[in-house]
Every structure is written in C-alpha cells, then in structure tokens.
Amino acid sequence: MRQVRRNYLRDAHPGGFFFEVMTYWAFVDGAPKETSQAAYLVFALEQIVETLVQVAENGLADPTLPDKIISTRADAADLEHATARLTEARDLAAEALRDEDDCASALKWQELLGLTTEDEEVFPLPEYCNPDGSTKKSDALPGALVSPAGTGRYA
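Below or above, wherever it landed, is the structure these notes cover.

1. As for the nonpolar core
Side chains that are nonpolar tend, in soluble globular proteins, to be buried together.
Here is step 1 of the chain: Within the largest apolar cluster, 31 residues are counted, with the highest numbers of intra-cluster contacts made by Val4, Met22, Leu52, Leu86, Trp109 and Leu112.
Here is step 2 of the chain: Among the elements of the structure, α1 (2-9), α2 (16-30), α3 (37-58), α4 (76-98) and α5 (102-113) are those that each provide at least two residues to this core.
Here is step 3 of the chain: Not counting residues within four places of it along the chain, the set of residues in contact with Leu112 comprises Val4, Asn7, Tyr8, Leu41, Ala89, Leu92 and Ala93.

This is the structure we're talking about:
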C-alpha cells in the first residue's frame, strides 16, 4: 500500500500514516482469505476506496483509542482526489490480477507500483518480457520439446 500511495498520490494528502491505519482497518474488518500477495493488494485497495468515502463523512477511527478519530490535514478536495486516484489504482490492480499473460500482467503491476524509488527498481519485468509487456521470442529451436518457462508469479 505504501508504494501504491507513493506512486499514485505522491505528496498529496492524506499522508502515509492515514493509509496505514486504513489498511489496518481493511484487514480487521474484511478478514480476507486470499491466496497471493497480489490478491491481498487488490483486496486492500478495494477496502480503502470504500473507506475513503466513509472517512470524508465520519473521520477515521483510531484503533488504539476507543471513540477517538484520527485527524488529517486532508480536506474534502484532497479526499476526493485520493479516492479518484486509488479507484484507478484498484482497477489497474484487479486487471493485472486477472490478466493471464505474465508479461502484460507484470507491466500493469509495474505501472501500479512505479518503476523506481530513490535507490532501487521497484518492480522489474521478468527477463522473458519486453518493455512493452509482450513476451520475448523464444530461444528454443523450432520443434523443441521445451520452451523457456516463466515463473507465473504475476497473476
């Protein structure tokens, strides 16, 4: 979630701690039983988009202090902007999860998570993928019994 927020909202409000608490509530309230990190990220994004709409009206409950609300410098326009951007992120993540083509899926995850942070590449494409999300031509000879295998980790 942190990387999605950094990539999609940049320095806009609400800030990172606010998203950490929304992520906490997503998992407490939603009790997901997903089978992959990708599915958990899609789940969290779905829950946070719903939560942002509620937060704009009711505030965000503090999980450490009963009946207290966590404050944010975000105003209604900030929350509306965050909701719109994270709705796009949610849709992209769901599309990447559904995509059966590893390379096309990986390119969508890369778009979602960003290309780099200050010091490292965030989501490198698999070696068998071209930068445009297509699969590289196989090095296998025509009629070969085995083709280069993918890892299947993107969907």
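Let us keep going from here.
2. Concerning the pattern of salt bridges
Here is step 1 of the chain: Scanning the entire structure with this criterion turns up four salt bridges.
Here is step 2 of the chain: Close ionic contact of Lys108 with Glu95 constitutes a salt bridge, the shortest N to O distance being 3.6 Å. Here Glu95 lies in helix α4 and Lys108 lies in helix α5, a separation of 13 residues in the sequence.
Here is step 3 of the chain: A residue is classified by how much of its surface remains accessible, and Glu95, at 38% relative accessible area, is partly exposed.
Here is step 4 of the chain: Salt bridges sharing common partners tie together Glu95, Asp99 and Lys108.

3. A word on the packing of aromatic side chains
Here is step 1 of the chain: Summed over all chains, the structure comprises three aromatic pairs.
Here is step 2 of the chain: Linked through ring pairs, Phe27, Tyr40 and Phe43 together constitute an aromatic cluster.

Rules used throughout
- Residues numbered from 1 in each chain as written.
- Predicted model: local features only at pLDDT ≥ 70, side-chain atom pairs only at ≥ 80, totals over all residues.
- Heavy atoms only, no water.
- Core = buried A, V, L, I, M, F, W, Y, C linked by side-chain atoms within 4.5 Å.
- Buried < 20%, exposed > 50% of the residue type's maximum accessible area, 1.4 Å probe, protein only.
- Helix = DSSP H or I, 4+ residues; strand = E, 2+ residues; numbered from the N terminus.
- Contact = heavy atoms within 4.5 Å.
- Salt bridge = Lys/Arg side-chain N within 4 Å of Asp/Glu carboxyl O.
- Phe/Tyr/Trp six-rings, centres within 6.5 Å; stacked < 30°, edge-to-face > 60°.

Everything listed here is a matter of geometry and, on its own, says nothing about what the molecule does.
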